[in-house]
Amino acid sequence: MEYHIDTGLIKQKMNSKADCPLCEIRKIVEEQFIHEFLNDAVMEETTRLKVNRLGFCKDHFKKLFSGQNKLSVALQLSTRSEEIKKQLLNPIKNVSNAKTIAKKIDESSKTCIICDLVEESMIKYYKTIAQMFLKEEDFFNTLMNTKGFCLNHYARLLEYSSFAGFLSKEYVKVLSELELKSFNKNLEDLNAFCTKHDYRNANKPLLNAESALKNMGIKLYGKD
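Trainee: Before we go on, may I ask you to explain helix α9 (residues 151-159) in this structure?
Mentor: Residues spaced three or four apart along an α-helix face the same direction, because each turn holds 3.6 residues. When α9 is considered as a whole, its buried residues turn out to be His 153, Tyr 154 and Leu 157. Buried residues along α9 cover an arc of 105° about the axis, so they all sit on one side.

Trainee: How do you make sense of the packing of helix α2 (residues 21-37) against helix α4 (residues 58-65) when you look at a structure like this?
Mentor: Each packed pair of helices is defined by two parameters, the angle between the axes and the distance between the axes. Closest axis-to-axis distance for the α2/α4 pair is 10 Å, and the angle between their directions is 60°. Taken together, α2 and α4 sit at an angle that is classed as oblique. Crossing of α2 against α4: the hand is right-handed. Residues Glu 30, Ile 34 and Phe 37 of α2 form the contact with α4, whose participating residues are His 60, Lys 63 and Leu 64. Its residues placed into classes, the contact of α2 with α4 shows 3 nonpolar, 1 polar and 2 charged.

Trainee: I would appreciate a short explanation of a nonpolar patch on the surface in the present structure.
Mentor: On the surface, a cluster of nonpolar side chains totalling about 320 Å² of accessible area is made up of Leu 151, Leu 220 and Tyr 221. Mapped onto the elements of the fold, Leu 220 is located in helix α11 (residues 212-221). Residue class for Leu 220 comes out partly exposed when judged on its relative accessible area of 34%.

Trainee: What is the right way to read the nonpolar core from this model?
Mentor: Proteins that are soluble and globular tend to have nonpolar side chains buried together. Ranked by internal contacts, the top residues of the largest apolar core, which has 44 residues, are Ile 10, Leu 22, Ile 114, Leu 143, Phe 149 and Tyr 171. Elements with a minimum of two residues in this core: α1 (7-14), α2, α3 (45-54), α7 (113-135), α8 (139-144), α9 and α10 (168-196). Here this core gets 11 residues from one element, more than from any other, and that element is α7. Excluding residues that lie within four positions of it along the chain, Ile 114 makes contacts with Phe 33, Ile 34, Phe 37, Phe 56, His 60 and Leu 64.

What counts and what doesn't
- Residues numbered from 1 in each chain as written.
- Predicted model: local features only at pLDDT ≥ 70, side-chain atom pairs only at ≥ 80, totals over all residues.
- Heavy atoms only, no water.
- Buried < 20%, exposed > 50% of the residue type's maximum accessible area, 1.4 Å probe, protein only.
- Helix = DSSP H or I, 4+ residues; strand = E, 2+ residues; numbered from the N terminus.
- Arc of directions from axis to C-beta.
- Axes fitted to C-alpha atoms, helices over the stretch in contact; angles between N-to-C directions.
- Parallel < 35°, antiparallel > 145°, perpendicular 65-115°, else oblique.
- Left-handed = near helix turned anticlockwise from the far one by under 90°.
- Contact = heavy atoms within 4.5 Å.
- Nonpolar A, V, L, I, M, F, W, Y, C, P; charged D, E, K, R; others polar.
- Patch = residues over 30% accessible without salt bridge, like charges linked within 9 Å, V, L, I, M, F, W, Y side chains within 5 Å.
- Areas by Shrake-Rupley, 256 points an atom, 1.4 Å probe, with all protein chains shown as cover.
- Salt bridge = Lys/Arg side-chain N within 4 Å of Asp/Glu carboxyl O.
- Core = buried A, V, L, I, M, F, W, Y, C linked by side-chain atoms within 4.5 Å.

This is the structure we're talking about:
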């Protein structure tokens, strides 16, 4: 494999019957980076410089803040805050200048070093999954054994489908058929859930429709 990614983790999550195996993998990747930023990462100068420049998004700050090492978070936030003060909190001279600063403040709130690192890692997983389809004969069965993917991760797999090489066309065909089958199943269950709440169907069993709303939510928006 060109990308040194844990293929064992890919197979494990694809065989776990997860609603989206890539959401499960992303959670593990994210937790690893949060652990690093609560521990050793804070000591690396290159990382601190990136934190100063990019900072953390609201969600990742909350996750860091909920960790045990508050000093690590405080040190990183301190230098990031100094950078913000230097770049964004100068006296404003006129309305035009105010609009420029407002735009810069908005932009500064949209960058996050952990988001960037997680996305870089996930791109490697998208590429590796395509390569596994190309190089491992039994991976087709592993893929077909899943429930498909959330729409975001399905889109990312399609985006990097060319890494399946000469099997790219077959790969996207398999992905699309798998996703359509999964989506139709979720939609069928969701419609059954809606129908169940008609008083005329009060005595009908919910069956798979009991978790239909949650499952379709994961399909459309992913799983945290």
